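Chain by chain, the residues:
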Amino acid sequence: MDAEHWADGVDRLLAELGPATRASRVWIFQLLEIQPEAVIQDYVFEWAASDRYRQLSQRRFRFFSSSLKDPEYRQLVEERKLGGCHDICVPIMPAGPLRRHLESQGIQSMATVPIFVNNRWWGTLGVDDCERAVSWRGPGLDLLTAAGQLIAAALYRYQLSHRSRQIELFHKVADCGVWEISLRNGRVWCSQTLKSTLGYPKTYPRVPLRRLLARLHKKDRARLWSHLRKIYSDVTPTQLRLDARVRFDNSEWVWHEIIAEFQCNEQGEPVAVAGLLVDIRQRKQHEEKVQADSERDALTGLLTDEA
């Protein structure tokens, strides 16, 4: 968890699991795709007790496809999708494609646990023993399960950090703020830069919704509520775009565009609204200049009769 990159931490963890379990190798397959008749995976991490057990560099394990025609392997995949762990002793397995595949790798026993990230099967952590036909049930599978959860937590943390960096970069380039509001409880999430713009520390845990709305000009806040009520009355919530005046730290009113999109659950009910707060003061200044120029005579500079 404290490694510079999550992958470095995984390598260190596998290097601890190997000697602790006395396994021949510890490995991770990343799930890429589940097709109707095959599973596509990649061999992404490995610790091996010696060079003769190494498989990570073998081409047959790069983006490899495993057929689901074998009923035994299909059942194993279905159980993994549901979070099932497996303890496999090869010598007592029934004859079939799965046993032949394991024997071709010199495996005597194996234990595997699925790795779930965001409630989705991300990959599989496993140990192979090429010397002992042992059972991994009990402490062995418990240890692998705990390790799988640590790996999932490290990967999830990395994804959040990576996404946060992308958001902050987007914020700087596009001169906008990113936000999201839960419609279940009114909780607000803001990008760190937007928090700073609003006058909150970047580490501030929660920006109150009422304080966020108080930043809007009174007339624009009324227009916002009107738009929201109209969207809620529709069968399917849509996007919202609204020009509004926003004030930061008791400064002057600055024109921003509110761009929002509703997120719905499986029943089509809106559960959150997320979007951008874009600084459009230059656009507004241009629009005001164009409007003023259209109301004046081109030769005299005086207001036209129509104006």
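The structure presented is a predicted model; accordingly, all values stated were derived computationally and were not measured.

A. Seen up close, the pattern of salt bridges. Enumeration according to the criterion identifies 18 salt bridges in this entry. Notably, a salt bridge pairs Arg223 with Asp220, separated by 2.7 Å at the nearest N-O pair. With Arg223 and Asp220 both in helix 7 (residues 218-233), this residue pair falls three residues apart, about one helical turn. By relative accessible area, which is 34% here, Arg223 ends up partly exposed. Linked by salt bridges that have partners in common, Arg241, Asp243, Glu257, Arg283, Lys284 and Glu287 make up one network.

B. Geometry of the environment of Arg187. Mapped onto the elements of the fold, Arg187 is located in the loop between strand 7 (176-182) and strand 8 (188-190). Judged by its relative accessible area of 47%, Arg187 is partly exposed. Once the C-alpha coordinates of Arg187 and Pro208 are considered, the two residues, 21 residues apart in sequence, prove to be 7.1 Å apart. When near neighbours in sequence (up to four residues on either side) are disregarded, Arg187 contacts Glu180, Ile181, Ser182 and Arg206.

C. Layout of unusual backbone geometry. With phi around 60°, Arg22 is a residue other than glycine that occupies positive phi space. Tracing the backbone through its elements, the reader meets Arg22 in the loop between helix 1 (6-21) and strand 1 (25-34). What makes Arg22 exposed here is its relative accessible area of 61%. Even without being a glycine, Asn119 presents a positive backbone phi close to 65°. For Asn119, the location among the structural elements is in the loop between strand 5 (109-117) and strand 6 (120-129).

Cut-offs applied
- Residues numbered from 1 in each chain as written.
- Predicted model: local features only at pLDDT ≥ 70, side-chain atom pairs only at ≥ 80, totals over all residues.
- Heavy atoms only, no water.
- Salt bridge = Lys/Arg side-chain N within 4 Å of Asp/Glu carboxyl O.
- Helix = DSSP H or I, 4+ residues; strand = E, 2+ residues; numbered from the N terminus.
- Buried < 20%, exposed > 50% of the residue type's maximum accessible area, 1.4 Å probe, protein only.
- Contact = heavy atoms within 4.5 Å.

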